[in-house]
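Report on the structure
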Amino acid sequence: MVEPDPKASAAGPRLGAPVTLGISTLDPGLRPPAMPAGRRVTVRVRMLDDSEELFDVSQRAPGKVLFDLVCTHMNLIEGDYFGLEFQDHHKMTVWLDLIKPLMKQLRRPKHTVLRFVVKFYPPDPAQLLEELTRYLFALQLKQDLSAGRLTCNDSSSALMVSHVVQSEIGDFEGSQSRSHLLNNNYIPDQMALMDRIMEFHSKNTGQTPAESDYQLLEVARRLEMYGVRQHPAKDREGTQLSLAASHTGVLVFQGHTRINAFNWSKVRKLSFKRKRFLIKLRADLNSSYQDTLEFLMGSRDCCKVFWKICVEYHAFFRLFEEPKPKPKPVLFTRGSSFRFRYQGRHGAQELKVARSISSSSEGRPLWQSGLPTPAPLEGISAGDRRRPRPLLPPDAGQPRGEPEERPRGPPDHPAASPGAPRPHALLNGQKHSLDLCGLSPDGRQPSPLTSPLLYDAGCVRTDDEDEVRRKRFPNDRAYFIAKELLTTERTYLKDLEVVSSFQAAVALDEAAPEPLRSSLFSNFEPLYKFHSSFLRDLEQRVALWEGRSNAHIKGEYQHIGDVMLKNIQGLKPLTANLQRQAEALVDLDQACRSSRRLQDVCRDFELQKVCYVPLNVFLLRPLHRLTHYKQILERFCKHYPPTHGDFRDCRAALADVTEVVEQLRGSMLKMENFQKLLELKKDLIGIDNLVIPGREFIRLGCLSKLSGKGLQQRMFFLFNDVILYTSRGMTATNQFKVHGQLPLHGMTIRESEDEWGVPNAFTLIGQQQSVVVAASSLSEMEKWMEDIKMAIDLAAETSNGPASDILSVDNKFPEDSSAEAESEDDLAAPRGPPEKPPPHRANTTVHVCWHRNTSVSMLDFSLAVENQLSGNLLRKFKNSNGWQKLWVVFTNFSLFFYKTHQDDYPLASLPLLGYSVTVPSEAENIHKDYVFKLHFKSHVYYFRSESEYTFERCVRSPRQGLSC
């Protein structure tokens, strides 16, 4: 047992260590605190070589007393890099606070084991003055390697192990080296790398143990996971991430891959609120980062633990002097005040850091103060190659410990490891972008029930200055109609660029057969060139209309009919291209059925963030765009009087586009139905031939089916010949399992609320089976009954309709089996992130209907297509004060949020099925013009448009598209 010795020097020489040149962080005349009075307890500390030591301390002693005992016991001078960690009563690993008394931290001291480990990893091991310190760091890296925390590629792993072996057994000798590796595990899967380790070991001849330690640190410091302690977290979409603090700043990891880094110089404030960990960045006009990032952690305690770690890292690596304490409030305190004690070479200094951090100081941080860069191995005898390496005292034994088997992470890239400017810095930072709302590498998407997952996403907060700015632009209704044409054309051209990206992906992989390339890609290029030219014309005309160029003649350009007429006439010769572009959807489906390679290419492309709606929807965009032109021209003609100068051109352009739309209407309806069947095929399990000629989709939605177990939630799909009922499976793709089918031929339907005592219930009576179902509301029941009656009448009139038996016998799922229970196949499926993520279908229209207990029909899909919108809106959350300016696209029953119209993919999305569109009441205190509200249960969002016309369009389009 070790007791404090007041005569012991905390800087005793060891192994010929040079005299430290460090500067004392104690005020003159002060000494480390002595052992206070009180009952003594025995504390067990596990060293880095896995030996355990007992220390006798007072319960009232602060943590620093115990830490000083440990450092004195080892003759450790550079103790500021180390710390004592333990598991608290919540089973969380926390650092021993050097200021608080031990009795307030260790509830059961006799049963608690503290671990002496490295706490702060310097970016350059040359900053470590003593060989003992480098040796302790080498032991820590050895533990990190064996536990799988220091992940890297095979070459780096083998090289580091070779330095460890050189340090332990000396120069290479074949049989001895192999025997040592067989008896000691340093990394997971060591057997596979044994030959490479021995090859590297043979090149280390002549290295002393101290030199091997130094070389180990040199290799490790270049690795991305060097010094990283991951703390599990999620972004606002629910994507699994990890956060870590380092000398450069706060790091964000997905698995073992760093996806972002926020340098201390860019961080303005760190805080936490309940489970939310918030990073507020400094304003940077040239940066695409959000000004406030939010991460969800497991609990408030997890947030506080990580926040304290960040404060300590920032104080250790960035602060240059002790912050001046703020005066304490007389009555109340707010927030948290955490004291970080900087453990110096000969003493300690408290850094009281409030719940924010600042990085605007200049100079050298505390960890570098007064420390020259020494020759790394000065004073080491070349013959000292096999000296024993125990920690003091000598009987502590050799380093030992069994490695923990963990799967290896992806290969790292040492050259991309971040590093702040420092002496001997060899690495440059690499910029990554963190998308909080897109798909994660494992293909996960946010739940459809969540709110839009965008918070302060780098958007400028606006106020009344925006109203002043809007007054500079025209307020004519025709101007805002023209502006809608421009904004939707920008979105449309972006959608065409997605098709172009898909074309490039297919061409690169050479997966598409030649007929598909000729039918799809040869027709696409003329359309893309035409619309690019059309967009330039629109941008030029709207700029003149606004007076942003040639303002002195702007009165002559406040019309758009001539631009529309010229371009619609230029579009008419491309009618054949439009027809073939739609039919290419059939060719693509046939090619995917015959080519698994092309099917994989399409699947991988749909997982990209640019593909924010299903791929086949993009292929139908040219046909849908014609309908938009027709509607916009109709609004121009309705707005203009016949005597207006722009009326004639608009009417002529409307006649031309109407002619083209009528020619392609039949093809468009056919392809829309085909596209919907293809999407439903991806969502359903148990179907072999859903997509057959003659089958038409009518409605899908959620109903409760009455069975022996009571009412069970089921997903129903109504076609013109059959009704399918399904439940959502627990598979990795979240597809729906088909339980049964109800042919429409000979079916009857009746209300049965009184018969079964279930509100909004009706009975489907088939020739072989009857089913009782209940809708979520009276309106839902009426929609279902109306559509089912219509489908029954159509089935009766069609004698040669499609066959009704569409279920695969092998894939039928009986109703008695529990749909919610996981199957054996599901349980056996791998839970870790796969190498190639499967197509994840958690945010499709079917899943949104399932979560929100609603339904949509084919007519709703058509209305949603006709009422697509895009443009700038101001958004405000329920409990926030400022408005955020966003580029918003309404399509496919969802709002997609972008920072600007130039962004390639959305930052977040909000599925709108089930939402209501209303105007804020007086009690909500929204004292702005043109504000509408979207709300679903407790989710409330306010949006503010720039004009009365835009407000009417924004309110009407979701209502029509969602049938609210």
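Residues numbered from 1 in each chain as written. Predicted model: local features only at pLDDT ≥ 70, side-chain atom pairs only at ≥ 80, totals over all residues. Heavy atoms only, no water.

**Notes on the overall build of the protein**
From N to C terminus, the protein includes 22 helices and 31 strands. Taken across its 964 residues, the protein has 54% of its residues classed as buried. Pairs at least 24 residues apart make up 67% of the contacts formed inside the protein by residues separated by at least 6 positions. Accessible surface for the protein amounts to roughly 43800 Å². Of this, 50% is attributable to carbon and sulfur atoms. (Helix = DSSP H or I, 4+ residues; strand = E, 2+ residues; numbered from the N terminus. Buried < 20%, exposed > 50% of the residue type's maximum accessible area, 1.4 Å probe, protein only. Contact = heavy atoms within 4.5 Å. Areas by Shrake-Rupley, 256 points an atom, 1.4 Å probe, with all protein chains shown as cover.)

**What about the environment of Thr845?**
Mapped onto the elements of the fold, Thr845 is located in helix 20 (residues 845–852). Here Thr845 falls in the buried class, since its relative accessible area comes to 13%. For the pair Thr845 and Ser855, spaced ten residues apart in the sequence, the C-alpha separation amounts to 9.3 Å. When near neighbours in sequence (up to four residues on either side) are disregarded, Thr845 contacts Val856, Phe861, Asn892, Phe893 and Leu913.

**With respect to a negative patch on the surface**
There is a patch of like negative charges on the surface, built from Glu751, Glu753, Asp754, Glu782 and Glu786. Elements with a minimum of two residues in the negative patch: helix 17 (753–756) and helix 18 (778–797). In this structure, Glu782 sits in helix 18. (Patch = residues over 30% accessible without salt bridge, like charges linked within 9 Å, V, L, I, M, F, W, Y side chains within 5 Å. Salt bridge = Lys/Arg side-chain N within 4 Å of Asp/Glu carboxyl O. Lys, Arg positive; Asp, Glu negative; His and termini not counted. Charge placed at Lys NZ, Arg CZ, Asp CG, Glu CD.)

**Here's the deal with the sheet that holds strand 1 (residues 40–46)**
Taken together, the five strands give an open sheet; going across it, the order is 2-1-5-3-4, and neighbouring strands pair in mixed fashion. Looking at strand neighbours, the two that pair on one side only are strand 2 (52–58) and strand 4 (93–95), the edges of this open sheet. When the angles between neighbouring strand axes are averaged without regard to direction, this sheet yields 35 degrees. Alignment of strand 3 (residues 82–87) against strand 5 (residues 113–118), held across four bridges, turns out to be antiparallel. Counterpart to Glu85 in the pairing with strand 5 is Arg115. Here helix 2 (residues 131–147) sits on the sheet and contacts strand 3 and strand 5; the angle it forms with strand 5, its principal contact strand, is near 110 degrees. (Pairing = 2+ DSSP bridges. Axes fitted to C-alpha atoms, helices over the stretch in contact; angles between N-to-C directions.)

**Here's the deal with the packing of helix 15 (residues 621–639) against helix 16 (residues 647–683)**
Two elements in contact, helix 15 and helix 16, have axes whose closest approach is 8 Å; the angle formed by their N-to-C orientations is 150 degrees. Where helix 15 crosses over helix 16, the two elements pack in a sense that is left-handed. On helix 16, the residues touching Leu623, His624, Leu626, Thr627, Tyr629, Lys630, Leu633, Glu634, Phe636 and Cys637 of helix 15 are Phe647, Cys650, Arg651, Ala653, Leu654, Val657, Thr658, Val660, Val661, Leu664, Met668 and Glu672. Split into classes, the residues belonging to the contact of helix 15 with helix 16 amount to 15 nonpolar, three polar and four charged. (Left-handed = near helix turned anticlockwise from the far one by under 90°. Nonpolar A, V, L, I, M, F, W, Y, C, P; charged D, E, K, R; others polar.)

**Here we look at the environment of Glu173**
On the secondary structure map, Glu173 appears in the loop between helix 3 (154–169) and helix 4 (174–183). Placed 32 residues apart in sequence, Glu173 and Thr205 show a C-alpha to C-alpha distance of 9.8 Å.

**Examining the pattern of salt bridges**
In the structure shown here, the tally under the stated rule is 40 salt bridges. Close ionic contact of Glu780 with Lys783 constitutes a salt bridge, the shortest N to O distance being 3.9 Å. Taken together, the residues Glu780 and Lys783, both in helix 18 and three residues apart, mark about one turn of the helix. Relative accessible area serves as the criterion here: at 6%, Glu780 is assigned to the buried category. With relative accessibility at 28%, the residue Lys783 sits in the partly exposed group. Residues participating in the shared-partner salt-bridge network are Arg44, Arg46 and Glu52.

**So, the environment of Tyr479**
Relative to the assigned elements, Tyr479 resides in helix 9 (residues 477–509). For Tyr479, a relative accessible area of 1% corresponds to the buried category.

**Quick word on the side chain of Asn616**
Structurally, Asn616 can be placed in helix 14 (residues 615–619). One polar contact links Asn616 to Gln675, side chain to side chain, over a distance of 3.1 Å. Of the polar contacts made by the side chain of Asn616, one reaches the side chain of Glu679; its length is 3.1 Å. If we skip the residues at most four places from it in the chain, Asn616 touches Leu585, Gln675, Leu678 and Glu679. (Polar contact = N/O pair within 3.5 Å; in protein donor to acceptor, adjacent residues only side chain to side chain.)

**Comments concerning unusual backbone geometry**
The backbone of Asn853 shows a phi angle near 55 degrees, a positive value even though the residue is not glycine. In this model, Asn892 sits at a positive phi of 55 degrees, which is unusual for a non-glycine residue. On the accessibility criterion, Asn892 (23% relative accessible area) is partly exposed.

**So, the pairing of strand 27 (residues 894–898)**
The buried count for strand 27 comes to five of five residues, which makes it a mostly enclosed element. Note that strand 26 (residues 883–891) and strand 27 share five bridges and pair antiparallel. The partner of Thr891 across the bridge, within strand 27, is Ser894.

**Looking at helix 12 (residues 575–594)**
Its 20 residues place the ends of helix 12 29 Å apart at the C-alpha level, agreeing with the 28 Å of an ideal helix rising 1.5 Å per residue. Along helix 12, the sharpest change in direction is near 30 degrees and occurs at Glu583. (Expected span 1.5 Å × (residues − 1). Bend = angle between axes of the 7 residues up to and from the residue.)

**Here's the deal with the confidence of the model for the protein**
Considering every residue of the protein, the mean pLDDT works out to 76; 72% of them sit at 70 or more. Throughout residues 339–390 the model reports pLDDT below 50, and contacts reaching past four residues in sequence, or to other chains, amount to 175 contacts. (pLDDT = per-residue confidence, 0-100.)

**Details of the pairing of strand 20 (residues 736–743)**
Along strand 20, seven of the eight residues are buried, which leaves the element largely enclosed by surrounding structure. In terms of strand pairing, strand 19 (residues 722–728) meets strand 20 through seven bridges, oriented antiparallel. Following the sheet pairing, Leu724 is matched in strand 20 by Gln741.

**Quick look at the side chain of Thr854**
Considering the arrangement of structural elements, one finds Thr854 in the loop between helix 20 and strand 24 (855–857). With residues up to four places along the chain from it excluded, the contact list for Thr854 reads Gly701, Cys702, Glu780, Cys849 and Leu913.

**Description of the state of the cysteines**
Under the defined criterion, the tally for this structure stands at zero disulfides. For Cys602, which is in no disulfide, the shortest distance to another cysteine sulfur is to Cys592 and amounts to 3.7 Å. Looking at Cys702, it has no disulfide partner, and the nearest cysteine sulfur is the one in Cys849, 8.4 Å off. (Disulfide = S-S within 2.5 Å.)

**As for the packing of helix 12 against helix 15**
Between two packed helices, what matters for the description is the angle formed by their axes and the separation of those axes. Packing of helix 12 against helix 15 leaves a shortest axis separation of 8 Å and a crossing angle of 130 degrees. Regarding the angle of helix 12 to helix 15, the classification is oblique. Contact residues: helix 12 offers Leu578, Gln581 and Ala582, while helix 15 offers Pro622, Leu623 and Leu626. Within the contact of helix 12 with helix 15, the residues separate by chemical class into five nonpolar, one polar and no charged. (Parallel < 35°, antiparallel > 145°, perpendicular 65-115°, else oblique.)

**Concerning the packing of aromatic side chains**
Applying the stated criterion to the full structure yields 35 aromatic pairs. A ring pair is formed by Tyr479 and Phe480, whose centres lie 4.9 Å apart and whose planes are at 65 degrees; its orientation type is edge-to-face. The two residues Tyr479 and Phe480 agree in class, both being buried. Here a set of aromatic residues connected by ring pairs shows up, and it is made of Phe67, Tyr81, Phe82, Phe116, Phe120, Tyr121, Phe137, Tyr226, Tyr313, Phe316 and Phe317. Over the face of the ring belonging to Phe897 we find Arg875, whose NZ or CZ atom lies 4.8 Å from the ring centre. (Phe/Tyr/Trp six-rings, centres within 6.5 Å; stacked < 30°, edge-to-face > 60°. Lys NZ or Arg CZ within 6 Å of the ring centre and 35° of its normal.)

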